[in-house]
Amino acid sequence: MTEKSHNAFDNFLKNSYSKADYQKVVGLFESEEDFRRLKGTLEEVWNTEDESFLSDEDYKNLSLRVREKIVSIKSREDSMFRKRFFRTFSRVAAVLLIPLLIFSTYFFVQWRQQADNRDVFVEVHCPPGTRTKFNLPDGTVAWLNSSSSLKYQAKFKKSRYVELVGEAWFEVKKDKHAPFVVKAEGIEVEALGTQFNVMAYAACGRVEVSLEEGSVKVTKAGSTLNEILKPDQRLVHDSKKNTAAVFSGDTYYFTSWKDGYLVFRNTPLSEVAQRLGHWYNTEIILEDKALEKIPFRATFKNEPLERVLSLLAMSTPITYQIIEPKTNKNGIYEKQKVIIRYKN
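(A) The arrangement of the confidence of the model for the protein chain in detail. For the protein chain, the mean per-residue pLDDT works out to 77, and 67% of the residues sit at or above 70. Overall, residues 48-55 carries pLDDT values under 50, and its contacts beyond four positions in sequence, including any with other chains, amount to four contacts.

(B) Representation of the sheet that holds strand S15 (residues 282-286). The strand order across the open sheet formed by three strands is S15-S18-S17, and the pairing between neighbours is mixed. Each having just a single partner strand, S15 and strand S17 (318-323) make up the two edges of the open sheet. Each strand of the sheet is rotated relative to its neighbour by a mean of 20 degrees, with strand direction disregarded. Bridge count between S15 and strand S18 (residues 336-342): five bridges; the pairing is parallel. Within S18, the residue paired with Ile284 across the bridge is Val338. Those strands touched by helix H8 (residues 269-280) are S15 and S17, and its axis lies near 165 degrees from that of S15.

(C) Layout of the packing of aromatic side chains. Scanning all chains against the criterion turns up seven aromatic pairs. An angle of 50 degrees between the planes, with centres 5.9 Å apart, marks the rings of Phe264 and Phe296 as tilted. Of the two residues, Phe264 sits in strand S14 (residues 261-268) while Phe296 sits in strand S16 (residues 295-301), which places them 32 residues apart along the sequence. Residue Phe296 is classed as buried on the basis of its relative accessible area of 4%. Ring geometry for Phe264 versus Phe300: centroids 6.4 Å apart, planes at 65 degrees, classification edge-to-face. Here the residue Phe264 occupies a position in strand S14, and Phe300 occupies one in strand S16, the gap between them amounting to 36 residues. When its relative accessible area of 0% is taken as the criterion, Phe264 is described as buried. Clustering of aromatic rings is evident, with ring pairs tying together Phe134, Tyr152 and Phe156. Between the NZ or CZ atom of Lys151 and the centre of the ring of Phe121, over which it lies, the distance is 5.2 Å.

Thresholds applied
Residues numbered from 1 in each chain as written. Predicted model: local features only at pLDDT ≥ 70, side-chain atom pairs only at ≥ 80, totals over all residues. Heavy atoms only, no water. pLDDT = per-residue confidence, 0-100. Contact = heavy atoms within 4.5 Å. Pairing = 2+ DSSP bridges. Helix = DSSP H or I, 4+ residues; strand = E, 2+ residues; numbered from the N terminus. Axes fitted to C-alpha atoms, helices over the stretch in contact; angles between N-to-C directions. Phe/Tyr/Trp six-rings, centres within 6.5 Å; stacked < 30°, edge-to-face > 60°. Buried < 20%, exposed > 50% of the residue type's maximum accessible area, 1.4 Å probe, protein only. Lys NZ or Arg CZ within 6 Å of the ring centre and 35° of its normal.

Written out as structure tokens, the structure reads:
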């Protein structure tokens, strides 16, 4: 590597590079040969300054960790993409190793060169017990509920398809030439410009679509399902029976989670248990099947789980037992459990 190239790369790592430095660094990664030569030089520097030996296996594993960070930073605007990329790698270089930075930067450059020629997908995950708000490439606003994920193209083309696991609320950017379609558990929800919620946790055995504004069309391939919803309508599709029903009423009860509220209005205890389980990342077990139909009415905001359970026990004929999480044989903490029983 020439002295000019070495200086350009030093400036790049220190985040004090010029446009010429940036172009020179990118040029170093445009071919496999240049990458190997640069990587070898930097590994020599690393070994000189640090007596520890970096094995090929360690190098590979750590490189994959950085690679995952790169793929998750995709942005619509090139300027923002570079900005986030450099900021992320400043942190990575400090925590990991310089050779990892080089390997991942090479991957980034190659990815950028191919991005316009193939579909690139982004997948957003919302950890258990949290909620996440973000914007899609077209300007659509999305909220993800606890233990949910959304997969979509980094750049929408003629259509705007997203794949949902769990629950999400959308405020869709209007585009009459590109319908917005949510796929979840075999159901498709199509909208042009609207606000709606889709709940599709696989364990629940149903898909719910709640419409706040505009209109949506709900369909399922291979079935007769073809419903157009109006505001304040909710469609519930039973996955096992393959049947659907439409209900009218205030849909805010089913979308209030994005604002931090849990709202129940004569909600059967079976559904209350599911929603509390997702909200607090807790496994809630109804010990008696007859408990499932008990109605419950309440509104909660930022209440701890034990407070919610206490109020539930005060207003319904139930008692509960909290089983604190324990580590399994692999050393991993299992979910906290709550067992609900009929009160004696």
